[in-house]
Amino acid sequence: MKIENKLIISNIINGAFIILIGFFAFQNMNLVLTKLRFVEIADDLNASFLEMRLSEKNYFLYQDKSALAEIRDKISYTMKTLDAAKKDIIPAIGETDLNKLQSYLQSYSYVIAETVKVPRLNAELEAKIRAAGKKLKEFSDSITRLERKRVNDIILSSKSILVFSFWAILASALIISHFISQKIVRSLREIEKLTKSISEGNFNRIEGFRTRDELGSVITAINSMSEELAHREEQIIQSKKLASLGILTAGVAHEITNPLNNISMIAQTYEELYAKLSEKDRIEFMGKVDAETERIRKIVKNLLDFSKPKDANPKEEDINAVIQKTLTLVQNMIDVSNIETTVKLETGLPHLYIDEHQIQQVLVNLVTNAVQATPAGGKLFIASRIGKDGDSVDITVMDTGKGISPEFLPHIFDPFFTTKGDGGTGLGLSVSYGIIKNHNGEIRVDSKTGVGTTFTIELPCYHQSEEKNNG
Amino acid sequence: MDKYSIMVIDDEKIVGDMAKMSLEQEGYDVETFLNAEPALARLKEKKFQVVVTDYKMKGIDGMEVLRIVKKEYPATTVIMITAFANLDAAIEALRGDVHDFFPKPVKIKELKESIRRALDKV
C-alpha cells in the first residue's frame with residue numbers, strides 16, 4: 001500500500017475516534033443539562049413542599065384554617081408547575097416517577113380537602129395529613145438526591161472517558177506514525193547505502209527489499225539507474241581515454257619531431273659529405289638513423305597501446321616499467337609547460353598484478369592534471385616505493401601547483417565534478433578511482449591551496465594464488 | 001681573415017654533431033653544446049658571430065638565450081630552431097630580434113644560407 005494511503009487511513013481512524021468522543025461528550029452534556037434543569041425545578045418544588053409542611057405544622061399547632069388555605073394554594077401552584085415543566089421533567093426522571101409524584105401530591109391534596117371540611121381536627125386525620133405530607137416530601141427529596149448523584153456520576157465518567165480517549169488517540173497516533181516512519185527510514189537507509197556505493201563506483205542493487213509504496217518505486221528507479229551506470233562505465237572509461245589521447249597526441253607529435261629532425265639532418269649531412277665520409281662514419285650514420293627510427297617506433301607504439309579499447313587484462317607487471325612508458329607519452333607535455341620533473345623509482349619493487357594500459361591511463365590522467373594545475377617553473381615529482389605494510393607499492397604524483405581547496409577535496413573523485421571550468425569533463429579522476437578500485441587498490445589525495453597536490457596510489461603486491469580470483 | 005665562429009645549442013646530440021660536420025665544410029669554426037649554461041659561459045671567453053639555439057630546452061631555454069645574447073653581445077646573430085613550430089613562439093622570437101626561425105626538421109642548406117646572410121652584415 002502506498003505511504004500516502006497509509007497516512008490518510010491512519011488520519012481517518014484517529015479523526016473518527018475524535019468525532020465519536022465529541023459525539024459522546026455532546027450527548028452527555030445534553031443529559032447533564034436536562035438533569036440540571038430538573039434539579040432546578042425540583043429545588044423549587046421542594047421549597048414549596050417545605051412551606052406546605054410548615055403551614056401544616058402551624059395548622060396543627062393553632063388550628064388556623066388559613067394555614068390550610070395556604071397549603072391548598074401551594075398544592076395548586078406545584079401542580080401547575082409540574083404540568084408546565086412536564087417537558088423538562090419526563091426526560092430527567094421518566095414518566096413513572098412523575099406520575100408517582102403527581103399522585104402523591106393528589107392524595108395530599110385530598111387529605112387537605114377532607115380536613116377543610118371537618119370542623120375540628122381529630123387525631124386520625126392529623127396522622128393521615130402527616131403521612132401524606134411526609135410521603136410527598138420524602139419522595140421528592142429522594143428523586144432530587146438521585147438526580148444530583150446522577151449528574152455527578154455523568155460528569156465524572158465523562159471526565160475519565162475524555163482522559164482515557166486523549167491517551168488512546170495519542171498512543172494510536174504514536175504507534176502508527178512509528179511504524180510508518182520506521183519503514184520509511186529503513187527504506188531510506190537502504191537507498192542511502194546503495195547511492196553511497198554507487199558513488200564509490202560499485203554499481204550494486206537493492207535486493208530482497210520490495211515494497212509496493214513510493215519508496216519501492218524509488219528503489220526500482222535507483223536499481224535500474226545503477227544497472228545503466230554499470231553498463232556505461234566501460235564506455236566512460238573508453239571515452240575518457242580518447243579525451244586523454246587528444247591531449248597526448250599533440251605532445252607526441254612534437255615528441256616525434258625531434259627524432260625526425262635527427263634522421264633528416266643525418267640524411268642531409270650524409271648526402272652532402274658522402275665523398276668525405278669514411279666507411280666507419282657511414283655505418284655509424286646509418287646506425288644512428290636506425291636508433292632514431294626505433295625512438296619513433298616506441299613513441300607510436302605507446303600511443304597505439306594506450307588508445308586501444310581493451311577489457312581489463314591484468315598481468316604480472318613491473319610497475320617502474322609501466323611508469324617509464326607513461327612518461328614517454330607525457331614527457332613532452334611536461335617540457336612544453338616548463339615544469340621540472342623529478343622521477344624517483346625504487347629499484348627491486350615486487351611485481352604487481354595489473355592491467356598495464358589502465359594503470360597508464362590513471363598515471364597519464366594524474367600527470368595531465370598536475371601539469372594543468374602547475375604554473376611554468378613549477379615542480380613535478382613522480383615516485384614509486386614499497387608500501388608501509390610491505391605488501392603493496394605506493395606510486396606518488398606530486399606537484400607544486402595551485403592545490404585543491406578543502407571544500408572541493410571530498411568531491412574530486414565524484415563523476416562529473418570538475419574545477420577546470422569548460423575544460424574538464426569531471427570524469428578523469430572518477431574513472432581513475434574506478435580503475436584503482438578494480439585493482440583492489442586505493443587512491444588518496446592530499447592537497448594544500450597554493451602549495452600543491454599529492455596523489456598516492458596504493459596497489460597490492462602480486463601473489464601467485466590470486467591470479468585465478470582476479471583474472 | 002679569421003674564421004667565423006658559430007655556436008650550436010641543442011639537447012639533441014645529433015643536431016649538434018651534424019650541424020658541426022656540415023658547417024665546418026663551409027670553413028666555420030663550430031662549437032656545440034647540449035644545454036645553455038655551459039654555452040653562455042663559453043660566450044664570456046670567446047666571441048661568436050652566430051648562435052644557433054634550440055627553442056625548447058631544460059633549464060635555460062632558447063628564448064632566454066636570445067635575451068641574454070642580445071643584451072650582452074648585441075653584435076652576435078641568433079638563429080632559433082624548434083620542434084614546437086607555433087606562431088606564438090615565432091612572434092616572441094621575432095620581437096626578441098631573432099635573425100631567423102626554423103621549424104624542425106631543419107633544412108641544413110637553408111640554415112647555411114641564413115648564416116651566410118647574417119655574416120654578410122658583419
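Here the residue index of a chain counts from 1 through its sequence in written order. The naming scheme follows written order: chains are lettered A onward, ligands numbered 1 onward. Totals for whole chains, interfaces and linings use all residues, but because this is a predicted model, local features are given only for residues with pLDDT of at least 70 and pairs of side-chain atoms are given and counted only at 80 or more.

Quick look at the overall build of chain A now. Numbering of helices and strands starts at the N terminus; helices are DSSP runs of H or I of at least 4 residues and strands are runs of E of at least 2. Within chain A, the secondary structure is distributed over 11 helices and seven strands. Partly exposed residues are those falling between the two cut-offs: more than 12 but fewer than 20 other C-beta atoms within 10 Å of their own, whereas 20 or more means buried and 12 or fewer means exposed, with C-beta atoms placed from the backbone. Looking at chain A as a whole, 25% of its 471 residues are labelled buried.

Within chain B, the secondary structure is distributed over five helices and five strands. Its helices and strands in sequence order give chain B the pattern β-α-β-α-β-α-β-α-β-α, from N to C terminus. Evaluated residue by residue, chain B yields a buried proportion of 42% over its 122 residues. Any two residues are considered in contact once their C-beta atoms, placed from the backbone, lie within 7 Å. Across chain B, the fraction of contacts at a sequence separation of at least 24, relative to all contacts at a separation of at least 6, is 58%.

All names here are of chain B. Taken in spatial order, the five strands of this open sheet run 2-1-3-4-5, and their pairing is parallel. Each having just a single partner strand, strand 2 (29–33) and strand 5 (100–103) make up the two edges of the open sheet. Within the sheet, the average angular offset between the axes of one strand and its neighbour, ignoring direction, is 15 degrees. In the sheet, strand 4 (residues 77–82) pairs with strand 5 via four bridges, with the strands oriented parallel. Bridged to Thr 82 within strand 5 is Pro 103. Docked against the sheet, helix 1 (residues 13–25) engages strand 1 (5–9), strand 2 and strand 3 (50–54), running at close to 175 degrees with respect to strand 2. Two strands are said to pair when DSSP picks up at least two bridges between them. Axis lines are fitted to C-alpha atoms, over the contacting stretch for helices. Their N-to-C directions set the angle, which ranges from 0 to 180 degrees.

We now examine the pairing of strand 1 of chain B. All names here are of chain B. With four of five residues buried, strand 1 is to be regarded as a mostly interior element. Of the strand pairs in this sheet, strand 1 and strand 2 are connected by five bridges, and their pairing is parallel. Its bridge partner being in strand 2, Val 8 is matched across the sheet by Thr 32. Once the chain exits strand 1 it traverses helix 1 before rejoining the sheet at strand 2, and the crossover so formed is right-handed. Looking at chain direction, strand 1 and strand 3 are connected through four bridges and run parallel. Each residue of the ladder has a partner; that of Met 7, found in strand 3, is Val 51. A right-handed crossover is one whose linking path, passing over the helix from the first strand to the second, runs clockwise when the strands point away from the viewer.

Time to look at the sheet that holds strand 2 (residues 340–345) of chain A. Residue and element names in this part refer to chain A. Spatial strand order, 2-4-5-7-6: five strands in an open sheet with mixed pairing. In this open sheet, the two edge strands, each paired with only one partner strand, are strand 2 and strand 6 (442–448). Going from strand to strand, the sheet's axes swing by 10 degrees on average, the running direction of each strand aside. When strand 6 meets strand 7 (residues 452–460), the two strands line up antiparallel, connected through seven bridges. Residue pairing across strands places Glu 442 opposite Glu 458, the latter belonging to strand 7. Contacts from helix 8 (residues 319–336) reach strand 2, strand 4 (379–386) and strand 5 (392–399), with the element oriented near 175 degrees to strand 4. Its contacts with the sheet put helix 9 (residues 356–373) on strand 4, strand 5 and strand 7, and the angle it makes with strand 5 is roughly 25 degrees.

On to helix 3 (residues 86–93) of chain A, then. All names here are of chain A. Burial in helix 3 covers these residues: Ile 89, Ala 92 and Ile 93. For helix 3, the angular spread of buried residues about the axis comes to 70 degrees, placing them on one side. For helix 3, the elements touching its buried residues are helix 1 (3–62), helix 2 (65–84), helix 4 (95–117) and helix 5 (123–199). Picture the helix axis, draw a direction to every C-beta atom, and the arc is the one those directions span.

The next subject is the packing of helix 1 of chain A against helix 5 of chain A. All names here are of chain A. Between helix 1 and helix 5, the shortest axis-to-axis distance is 8 Å and the interhelical angle comes to 165 degrees. Relative to helix 5, the element helix 1 is oriented roughly antiparallel. With respect to the hand of their crossing, helix 1 and helix 5 are arranged in left-handed fashion. Classification convention: Asp, Glu, Lys, Arg as charged; Ala, Val, Leu, Ile, Met, Phe, Trp, Tyr, Cys, Pro as nonpolar; all other residues, Gly among them, as polar. Considering only residue class, the contact of helix 1 with helix 5 consists of 30 nonpolar, 10 polar and 10 charged. Should an angle fall under 35 degrees it is called roughly parallel, over 145 degrees roughly antiparallel, and 65 to 115 degrees roughly perpendicular, with every other angle called oblique. Crossings are sorted by hand: turned counterclockwise from the far helix by less than a right angle, the near helix makes the crossing left-handed, and turned clockwise it makes it right-handed.

What follows covers the interface of chain B and chain A. Facing the 14 residues of chain B at the interface are 16 residues of chain A. For the side of chain B that touches chain A, the element with the most residues is helix 1 of chain B, which contributes six residues. Within the side of chain B that touches chain A, the residues separate by chemical class into nine nonpolar, two polar and three charged.

Before going further, it helps to examine the environment of Ile 161 of chain A. With respect to the secondary-structure elements, Ile 161 of chain A resides in helix 5. With 15 C-beta atoms packed within 10 Å, Ile 161 of chain A lands in the partly exposed category.

Here the focus is unusual backbone geometry. Note the cis peptide between Lys 104 of chain B and Pro 105 of chain B, where omega equals 0 degrees. Relative to the assigned elements, Pro 105 of chain B resides in the loop between strand 5 and helix 5 (108–121). Unlike most non-glycine residues, Gln 63 of chain A shows phi in positive territory, near 50 degrees. With respect to the element layout, Gln 63 of chain A can be found in the loop between helix 1 and helix 2.

Take the confidence of the model for chain A next. On average, chain A scores 84 in pLDDT, and the residues at 70 or more come to 91%. Here residues 467–471 of chain A is a poorly scored stretch, pLDDT under 50, and it has four contacts once near neighbours within four places are set aside; other chains count. The predictor attaches a confidence to each residue, called pLDDT, with possible values from 0 through 100.

Residues and elements named next belong to chain B. For chain B, the mean per-residue pLDDT works out to 91, and 99% of the residues sit at or above 70. Of all the helices and strands in chain B, helix 4 (residues 87–95) carries the lowest mean pLDDT, 83, while strand 1 carries the highest, 97. Overall fold confidence (pTM) sits at 0.49, and the ipTM for the predicted complex is 0.92.

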